[in-house]
Amino acid sequence: MDVASSTKTTRDFLKNAEKKGLVESTGYDIPKSFVVMADGRIYLSQYAAKVLKRRTEITIR
């Protein structure tokens, strides 16, 4: 999140999605990453992107 939210484009994207009610947090801690779903919903995650990627690879196998 620190790297991704440092660009104005990403901050604007997340801000607009939040205004539309498309952003949902998955926990109470500061988010470390976010996942954009095909339907436009965005989930803020407390897990790092590497962890989420690894978990999806395990699930797909």
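In what follows, the structure referred to is the one given above.
Residues numbered from 1 in each chain as written. Predicted model: local features only at pLDDT ≥ 70, side-chain atom pairs only at ≥ 80, totals over all residues. Heavy atoms only, no water.

*Asks:* Would you explain the overall build of the protein in this entry?
*Replies:* Looking only at helices and strands, one finds two helices and three strands in the protein. Going from the N terminus to the C terminus, the protein shows its helices and strands as α-β-β-β-α. The burial tally for the protein puts 13% of its 61 residues in the buried class. For the protein, the share of sequence-separated contacts (at least 6 apart) that also reach a separation of at least 24 residues comes to 17%. Just so you have it, the protein exposes about 5,100 Å², and 58% of that area is on carbon and sulfur atoms. (Helix = DSSP H or I, 4+ residues; strand = E, 2+ residues; numbered from the N terminus. Buried < 20%, exposed > 50% of the residue type's maximum accessible area, 1.4 Å probe, protein only. Contact = heavy atoms within 4.5 Å. Areas by Shrake-Rupley, 256 points an atom, 1.4 Å probe, with all protein chains shown as cover.)

*Asks:* Can you walk me through the packing of aromatic side chains in this structure?
*Replies:* Within a pair of aromatic rings, the relevant descriptors are the distance that separates the centres and the angle that separates the planes. Following the criterion strictly, the structure yields zero aromatic pairs and no others. Between the NZ or CZ atom of Arg55 and the centre of the ring of Tyr47, over which it lies, the distance is 4.6 Å. (Phe/Tyr/Trp six-rings, centres within 6.5 Å; stacked < 30°, edge-to-face > 60°. Lys NZ or Arg CZ within 6 Å of the ring centre and 35° of its normal.)

*Asks:* Looking at this structure, how should I read helix H1 (residues 8–19)?
*Replies:* Every α-helix carries 3.6 residues per turn, so stepping three or four residues along brings you back to the same face. Here H1 contains twelve residues, and its C-alpha end-to-end distance of 16 Å stays within 8% of the 16 Å for a straight helix at 1.5 Å per residue. Along H1, the positions that sit buried rather than exposed are Thr10, Leu14 and Ala17. All buried residues of H1 lie within an arc of 65° about the axis, which places them on one face of the element. The exposed set on the far side of H1, more than 90 degrees from its buried face, consists of Lys8, Thr9 and Lys19. Those residues of H1 hidden inside the fold are in contact with strand S1 (23–25), strand S2 (33–36) and strand S3 (42–45). Downstream of H1 by one or two residues, Gly21 has phi in the positive range, about 80°. (Expected span 1.5 Å × (residues − 1). Arc of directions from axis to C-beta.)

Purely spatial values, then, with no claim about function.
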